[in-house]
Amino acid sequence: MTELEKILTGQSHQHIYWLSDNVGIHHDMLRDYKSMQAAAKAENIELKIASGFRDFSRQLAIWNNKFIGRATVKDQQGNSVSLSALNDKEKIHAIMLFSALPGASRHHWGCDIDVYAPNLLAIEQTLQLEPWEYQAAGPLYPLALWLTENANKFGFYFPYNKFRGGVAAEPWHLSYQPIAKQYQHQHSETLLAHTIANSDIQGKIELLRSLPNLYQRYICNVASYQA
Ligand SMILES: [Zn+2]
């Protein structure tokens, strides 16, 4: 695999700048992210990253834990889904509503981040990363409004701005277009198939069988930069 292919599939972290022990973002996004953070701060919104770079093994652990029922899978209403009664194909679709396939997570790229604002949460209110928190009457609604109005000035946009039959709407997930546009173009179904075939992933046979469909429905099926 080339270095680029490793970056695209979460098997390299040489493109990452670490903001803290567990939050990393793409080097080339740092300046614009800091500018956006400062602009938000001026409006009393403390922009913070809940999740930035995530490598392949971390995404694989998330996937496998959900697949075997060790981690909770939720539907779009926030209800827990019981996977035990589902076949492999149904499990895959249930998981992919909110969790990417290892090797195809935009979080591998470092240019995609899940954001929130700790100062908008009540004391002892912990972030769930659920849609209601970002909707009207939710604590993070002011952040959602501010980002909708301003994120694009800094090169950011929402790839999962609404449900299109693949990944659920994720009002917390921002993508940095100058980098994401390239990586999205360079990523491919062939590269993903190769990565999955060589991994210890749950549901591998069904995944490889239905990959063309999954690739279109969940990976290509995203919003583009809203200038
Ligand atoms: Zn995300």
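Quick look at the structure, then. Per chain, the residues get numbers from 1 upward, laid out in the order the sequence is written. Local features in this predicted model are restricted to residues of pLDDT 70 or higher, and side-chain atom pairs are both shown and tallied only at a pLDDT of 80 or more, whereas totals for entire chains, interfaces and linings draw on every residue. To get the side-chain values, all heavy atoms of the structure are used, and hydrogens and water are removed first.

## Describing empty space enclosed by the protein
- Cavity: a set of points on a 1 Å grid over the protein atoms alone where a 1.4 Å probe fits but cannot get out. Pocket: an open set with protein on both sides within 12 Å along at least five of seven lines, its lining residues, like those of a cavity, having an atom within 4 Å of a point. Grid points are joined across faces, edges and corners, and a volume is the space filled by probe spheres set on the points. Overall, the coordinates contain one cavity of 30 Å³ or more when judged by the stated rule.
- Taken as a whole, the largest cavity spans an internal volume of roughly 30 Å³.
- Lining the largest cavity, in full, are Pro159, Tyr160, Lys162, Arg164, Val167, Asn221 and Val222.

## Quick word on the coordination of the zinc ion
- Each metal's donors are the N, O and S atoms found within 2.8 Å of it, except that Na, K and Ca use a 3.2 Å limit; water is left out, so coordination can look incomplete. At the metal site, the zinc ion is ligated by His107 (NE2), Asp114 (OD) and His173 (ND1), and these contacts range over 2.0 to 2.2 Å.
- Along the chain, the residues donating to the zinc ion fall in the pattern H-x6-D-x58-H. Taken together, the residues Asp114 in strand E6 (residues 112–116) and His173 in strand E8 (residues 173–176) connect sequence positions 59 residues apart. For the residue pair Asp114 and His173, the accessibility class agrees, reading buried in each case. Starting at the N terminus, helices and strands are each numbered in turn, a helix being any DSSP run of H or I of at least four residues and a strand any DSSP run of E of at least two. Exposure classes here rest on a 1.4 Å probe applied to the protein chains alone. A residue is buried below 20% of its type maximum, exposed above 50%, and partly exposed in between.

## Quick word on the pairing of E6
- Buried residues dominate E6, accounting for five of its five residues.
- A two-sided burial pattern is seen for E6, the buried positions comprising Asp112, Asp114 and Tyr116 on one face and Ile113 and Val115 on the other.
- Bridge count between strand E3 (residues 48–51) and E6: three bridges; the pairing is antiparallel. Along E6, the bridge assignment pairs Ser51 with Asp114.
- Looking at chain direction, E6 and E8 are connected through three bridges and run antiparallel. Within E8, the position partnered with Asp112 by the bridge is Ser175. Here, a strand pair is defined by DSSP locating no fewer than two bridges between the strands.

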